[in-house]
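Residues per chain are reported as follows:
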Amino acid sequence: MTQEKHPKGPLAQGEHPAFLWWKGELVPWEKATVHVTMVGWTAISSVFEGIRGYWNAQERELYIFHPAAHLDRFNRSMKLMRMTSPYSKDQLLEALKQLVKANSFQGDVYFQPLAYFPGGVPGYVGVLERPGEVMIVSYARPSTLEQEEKSSTCCVSTWLRPMDTQMPPRAKMLPIYQNSRMVATEAQMNGYDYGIIMNTQGKVAEASHACVFLVRDGTAITPPITAGILESITRTAVMDLLRDELGIPVVEREVDRTELYVADEVFLCGTAMEVEAVASVDKYRPGAGAPGPVTRRLRRLFRDVVRGMETKYAHWRTPALGRAATRA
Ligand code: PMP
């Protein structure tokens, strides 16, 4: 049987990092096993995070981007599942740093913490305030921010984002990613890179794994957090950079589908996605071409911020190795 290589996480034998973090400590990859009966049901109530670390070659430092905001959201997702965390935010931040050291990463990293109910709690029963367990896996995952011309094609999906009263998209819980998966699969089957999802009110929500911005007449527009979107950390950072550094007004408001078709620029943002121009939506091309001028400037600035190439936003980054203090 041929081993198919996963495009994002190395699954083939010998390609995984040496350690992951589980039950409060570093565990060798091969020893992190559970009984087969655990597979499946726990996923119903599991929540997760996606966090990036950027390697700064000059400083030989790995900068974790906004770890406190990610770990706060991790806690909020657990809270929505009525799961208590056995670990403090500091312990989990320390775990991320330990993984960087133990796995000897010298390049960009993607961390994926997962919290689940251990001990055979069937995921479908009501649960009141039970402790969860946490596993954190880390992979080498290079940033694409150096590719200045990168852009993607999108379609508007026929699938809708569930609303908050059905299955809250603000929680980063595994079940909602079935919706994302349907959207992504449909988009790829029809020859697009990504799908943009409408909510049940008929307004634009987000993409399957990223938030959506439009630029119209010099203003950046993005759906509000009540539109059925994840409370994205990149979205908040991007709004700050647009306003404070690029002088672009930002408006959070409902967005119609056809605004995607007539926008000057459309771009997606998220931890995995970073900041990426949209070349077309349903084959309508943005007026300014892609990448447009705002997206280009933002992408460059975002790259410099996350990689630690400017000093102003140092508080958005946490050095994993602690070498940054020795910076000249
Ligand atoms: N929406 C969805 C559905 C996502 O999965 C992601 C990626 N986590 C985002 C938006 C962007 O969120 P963040 O910037 O916090 O990664």
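Our structure's up above, just so we're on the same page.
The following refers to the structure shown. Being a predicted model, the structure only gives us computed values, none of them experimental.

As for the sheet that holds strand 17 (residues 274–281)
If you walk across this open sheet you meet the eight strands as 12-11-10-17-16-13-14-15, and the pairing is mixed. Unpaired on one side and paired on the other, strand 12 (204–207) and strand 15 (250–252) mark the two borders of the sheet. For this sheet, the mean inter-axis angle between neighbouring strands, taken without regard to orientation, is 40 degrees. In terms of strand pairing, strand 10 (residues 151–161) meets strand 11 (residues 194–199) through five bridges, oriented parallel. Paired with L160 across the two strands is M198, which belongs to strand 11. Contacts between helix 3 (residues 176–189) and the sheet are confined to strand 10 and strand 11, with strand 10 contributing the most and set at about 125 degrees to the helix.

Observations concerning helix 3
Here helix 3 is 14 residues long and its end C-alpha atoms lie 20 Å apart, about the 20 Å a rise of 1.5 Å per residue gives. Along helix 3, the residues classified as buried are I176, Y177, N179, S180, V183, A184, E186 and A187. Those residues of helix 3 that are buried are in contact with strand 3 (47–48), strand 10 and strand 11. Downstream of helix 3 by one or two residues, G191 has phi in the positive range, about 90 degrees.

So, the site of the ligand
Among the 15 residues in the neighbourhood of the ligand, the closest are listed as R73, Y177, E206, T234 and T271. Take R73: an N or O atom from its side chain is 2.7 Å from an oxygen atom of the ligand. At 2.8 Å, a backbone N or O of I233 approaches an oxygen atom of the ligand. Here the ligand has 380 Å² of accessible area as a free molecule, and 97% of this is covered by the chains. Split by residue class, the shell around the ligand holds five nonpolar, six polar and four charged.

Reading the values: rules and limits
- Residues numbered from 1 in each chain as written.
- Predicted model: local features only at pLDDT ≥ 70, side-chain atom pairs only at ≥ 80, totals over all residues.
- Heavy atoms only, no water.
- Pairing = 2+ DSSP bridges.
- Helix = DSSP H or I, 4+ residues; strand = E, 2+ residues; numbered from the N terminus.
- Axes fitted to C-alpha atoms, helices over the stretch in contact; angles between N-to-C directions.
- Contact = heavy atoms within 4.5 Å.
- Expected span 1.5 Å × (residues − 1).
- Buried < 20%, exposed > 50% of the residue type's maximum accessible area, 1.4 Å probe, protein only.
- Near = heavy atom within 4 Å.
- Polar contact = N/O pair within 3.5 Å; in protein donor to acceptor, adjacent residues only side chain to side chain.
- Areas by Shrake-Rupley, 256 points an atom, 1.4 Å probe, with all protein chains shown as cover.
- Nonpolar A, V, L, I, M, F, W, Y, C, P; charged D, E, K, R; others polar.

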